[in-house]
Amino acid sequence: MTNKDDQKYIAGLLFGDATLTPEECEEKYPPRGVGEGVAITRLGPSPTGFIHLGNLYMAFLNAKLSAQTDGVLILRIEDTDRKREVAGAVEVLISSLAYFGVQFNEGVMYDAQADVISERGSYGPYYQSARGEIYKAFVKRLVEEGKAYPCFLSEAELTEMRSLQEQQKVTPGVYGAWARYRNATAGEVEALLAEKRPYVIRFRADEEDGTYVEAADGIRGTLRMPKNYMDVVILKSDGLPTYHFAHVVDDHLMRTTHVIRGEEWIASLPVHVALFGALGWDVPLYCHSTVLMKIDEESGNKRKLSKRKDPELSLEYYRSTGYHPQAISEYLLTIINSNFEEWRAENPDAPISAFQMSTEKMGISGILFDLEKLQDVSKEVLLRIPAGELAAFLLHWARLYDEDAYRAMSRDEEKLARILDIGRSGDKPRKDLAYAKQMRDFIAYFYDELFEKQDDWPGNAAADAGVLLAGYLETLDLADDRDTWFDKIRQLAVANGYAAKPKDYKKNPEEYKGHVGDVSSVIRIALTGRASSPDLYEIQQILGEEAVRARLAAHI
């Protein structure tokens, strides 16, 4: 039996039950026939339950790149590690990403209303656990061609090997002379299989240590790295593929053009390039993004965001706090491409879909995620959203996270929109609201069930508060125009020993109790519970005369 016959015999022993051939797979999943420059991207999360900012960041990158090229965004669930799988994780993942505007064109889908998981597209199945026969077809072919082999090393033998390698101060792993079953004959393999010995399938590295491979990276340019010389596992003992092998097969058959992933995978790139080469396929354009970081409050240094230390790593933080999805998308683009802020300044009203993201303009040394910067961006974004849409967003948030606020605000959505629109027009619109929780707290005084008196009367007017409010109530007429209304306050101030203007009080403080601003503050605190608020005249108009009179009377 020739060596070639040996390999085919071994492949038959291992995969005699294979139902597919590589040729059948290629025929079933043909090239998509898209034009040059069209990006076919995919997100390949594991269903482990915790949905974090990194997931959204990667999803957003893939979604933006595919959308701006009229491409396809695929959701593929990489569920080959059954020990880590969490029930319901796929539903949570899709729902969370959908909330932030990431919609998939193909792959695993979730209808939240019907609570139904489905798959869309002609390149499935889109769960790796359901693609076993596909992987088997290509593993078998690699074994037939002598590019992969069964390895029967036990855990105990591997541990002993690593210990010996450490003693000899050589690189640990299965390679070269350390690959005990690399050249096992068909007879030896058959005997071991007859003994029911567990085995994995390893990729036979065909390069010696010391040679290099070059691969294009859409973010980092050309990467030059030592070629792979390890015989890595491509099929585990339970018959499931490793990430190394599964993603290579899937990305080829799904005709992925761009693989966007974290920089932690750069070290594995030589393995993946070698696998593509062994299978005779073109390598997609890898784009290795840097990690998200923050400034540590204690040390002042940059560090990776931590699940244990940083609540803002979880996507639920942004949903429960009430950041608008548009604000999150806008901020992500500011940290993805350095030229986005300049583009936004030149195109203040354009949708972000008009911005052409470039992988070449992405950073490579750790992206700083700054909550204060996010809030600044969010304030600008909320200002561009019409008050009616903002009201609907706030109600949606309150329905999920603040039942009392929802009951109060949902009674009159038009009133809520008027409240949120206060101070948003003119040359200097107010930009002090960044998220729903803040909005709720800021406008709570418009609703009796949410009203709280947070500030005390100004010191020099505290003794007169009841008298001043009674006098204001006597002349109150919401039909007054703004000038007439304020003239009445000024007259009330003078009648009670307060200066008509702050500058008069400043010039002769001994002649007055205070000034008209102190009187206005008493009225403001009675109506809003706060010493600082937007335009008091406009607040009164929205509250209505009955509510204004009741609030004033309650403090007399």
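Below or above, wherever it landed, is the structure these notes cover.

Thresholds applied
Residues numbered from 1 in each chain as written. Predicted model: local features only at pLDDT ≥ 70, side-chain atom pairs only at ≥ 80, totals over all residues. Heavy atoms only, no water. Helix = DSSP H or I, 4+ residues; strand = E, 2+ residues; numbered from the N terminus. Rg over C-alpha atoms; globule rule 2.2 N^0.38 Å. Buried < 20%, exposed > 50% of the residue type's maximum accessible area, 1.4 Å probe, protein only. Contact = heavy atoms within 4.5 Å. Pairing = 2+ DSSP bridges. Polar contact = N/O pair within 3.5 Å; in protein donor to acceptor, adjacent residues only side chain to side chain. Salt bridge = Lys/Arg side-chain N within 4 Å of Asp/Glu carboxyl O. Axes fitted to C-alpha atoms, helices over the stretch in contact; angles between N-to-C directions. Left-handed = near helix turned anticlockwise from the far one by under 90°. Phe/Tyr/Trp six-rings, centres within 6.5 Å; stacked < 30°, edge-to-face > 60°. Lys NZ or Arg CZ within 6 Å of the ring centre and 35° of its normal.

## Considering the overall build of the chain
(1) Moving on: Of regular secondary structure, the chain possesses 23 helices and 14 strands.
(2) Moving on: The C-alpha radius of gyration computed for the chain amounts to 33 Å, which surpasses the reference 24 Å derived for 556 residues by more than 25%, pointing to a less compact arrangement than a globule.
(3) Moving on: In terms of its C-alpha atoms, the chain occupies a principal-axis envelope of roughly 115 × 50 × 45 Å.
(4) Moving on: Expressed as a percentage of the 556 residues in the chain, the buried residues total 51%.
(5) Moving on: Put simply, 72% of the contacts in the chain that link residues at least 6 apart link residues at least 24 apart.

## Digging into the sheet that holds strand β12 (residues 292-295)
(1) Moving on: Spatially, three strands are ordered β13-β12-β14 in an open sheet, and the strand pairing comes out mixed. Pairing within the sheet leaves two strands with one partner each, and these edge strands are β13 (302-304) and β14 (367-368).
(2) Moving on: Here three bridges tie β12 to β13, and the two strands are oriented antiparallel to one another. If you follow Lys294 over to β13, its bridge partner there is Arg303.

## A short note on the pairing of strand β7 (residues 212-217)
(1) Moving on: Residues Val213, Ala215 and Asp217 line the buried face of β7, whereas the alternating positions Tyr212, Glu214 and Ala216 sit on a face that is not buried.
(2) Moving on: Where β7 meets strand β8 (residues 221-226), six bridges bridge the pair, whose relative direction is antiparallel. Residue pairing for β8: Tyr212 is matched across the bridge by Pro226.
(3) Moving on: Two successive antiparallel strands, β7 and β8, enclose a turn made up of three residues.

## Digging into the side chain of Asp79
(1) Moving on: Mapped onto the elements, Asp79 comes out in the loop between β2 (72-75) and α4 (89-99).
(2) Moving on: Looking at Asp79, its side chain comes within polar contact range of the side chain of Ser129, at 2.6 Å.
(3) Moving on: Apart from residues lying up to four places away in sequence, Asp79 is in contact with Pro47, Glu85, Tyr127, Gln128 and Ser129.

## Some points on unusual backbone geometry
(1) Moving on: Gly124 connects to Pro125 through a cis peptide bond whose omega is 5°.
(2) Moving on: Secondary-structure assignment places Pro125 in the loop between β4 (116-120) and α5 (132-144).
(3) Moving on: Positive phi values are uncommon outside glycine, yet Lys196 reaches one of about 60°.
(4) Moving on: Within the secondary structure, Lys196 is located in the loop between α7 (186-194) and β6 (200-203).
(5) Moving on: Positive phi outside glycine occurs at Arg255, with the angle close to 60°.
(6) Moving on: Note on Arg255: relative accessible area 15%, which makes it buried.

## Description of the pattern of salt bridges
(1) Moving on: Applying the stated criterion across every chain, the model contains 38 salt bridges.
(2) Moving on: Among the salt bridges present, the one from Glu449 reaches Arg411, with a minimum N-O distance of 2.9 Å. Taken together, the residues span a long stretch of sequence, with Glu449 in the loop between α17 (436-443) and α18 (465-475) and Arg411 in the loop between α15 (403-409) and α16 (413-420) at a distance of 38 residues.
(3) Moving on: The partly exposed category is assigned to Glu449, whose relative accessible area is 46%.
(4) Moving on: Note that Arg551 is salt-bridged to Asp448, the shortest N-O span being 3.0 Å. Of this pair, Arg551 sits in helix α23 (residues 545-554) while Asp448 sits in the loop between α17 and α18, placing them 103 residues apart in sequence.
(5) Moving on: Judged by relative accessible area, which is 57%, Asp448 ranks as exposed.

## Details of the sheet that holds strand β1 (residues 40-43)
(1) Moving on: With respect to topology, four strands assemble into an open sheet ordered β1-β2-β3-β4, the strand pairing being mixed. One side of each edge strand has no neighbouring strand; the edge strands of this open sheet are β1 and β4. Across the sheet, the mean angle separating the axes of adjacent strands is 35° when strand polarity is ignored.
(2) Moving on: Pairing of β1 with β2, which is carried by four bridges, proceeds in the parallel orientation. Within β2, the position partnered with Thr41 by the bridge is Leu73.
(3) Moving on: Lying over the sheet, helix α3 (residues 53-68) contacts β1 and β2, oriented at roughly 160° with respect to β1.
(4) Moving on: Here α4 sits on the sheet in contact with β1, β2, β3 (106-111) and β4, set at roughly 90° to β3.

## With respect to the packing of α18 against helix α19 (residues 482-495)
(1) Moving on: At a minimum axis separation of 10 Å, α18 and α19 run at an interaxial angle of 140°. As for the relative orientation of α18 and α19, their crossing is right-handed in sense. On the side of α18, the interface is formed by Leu468, Gly471, Tyr472 and Thr475, while α19 contributes Trp485, Lys488, Ile489 and Leu492.

## Notes on the packing of aromatic side chains
(1) Moving on: By the definition in use, this model includes 20 aromatic pairs.
(2) Moving on: Here Phe138 and Trp281 contribute two aromatic rings whose centre-to-centre distance is 5.2 Å and whose plane-to-plane angle is 75°, an arrangement assigned as edge-to-face. Taken together, the residues Phe138 in helix α5 and Trp281 in the loop between α9 (269-279) and β11 (285-289) connect sequence positions 143 residues apart.
(3) Moving on: Judged by relative accessible area, which is 3%, Phe138 ranks as buried.
(4) Moving on: Between Arg131 and the ring centre of Tyr29, over which it is positioned, the NZ or CZ distance is 5.9 Å.
(5) Moving on: The ring of Tyr212 carries the charged tip of Arg224 above its face, separated from the ring centre by 4.2 Å.

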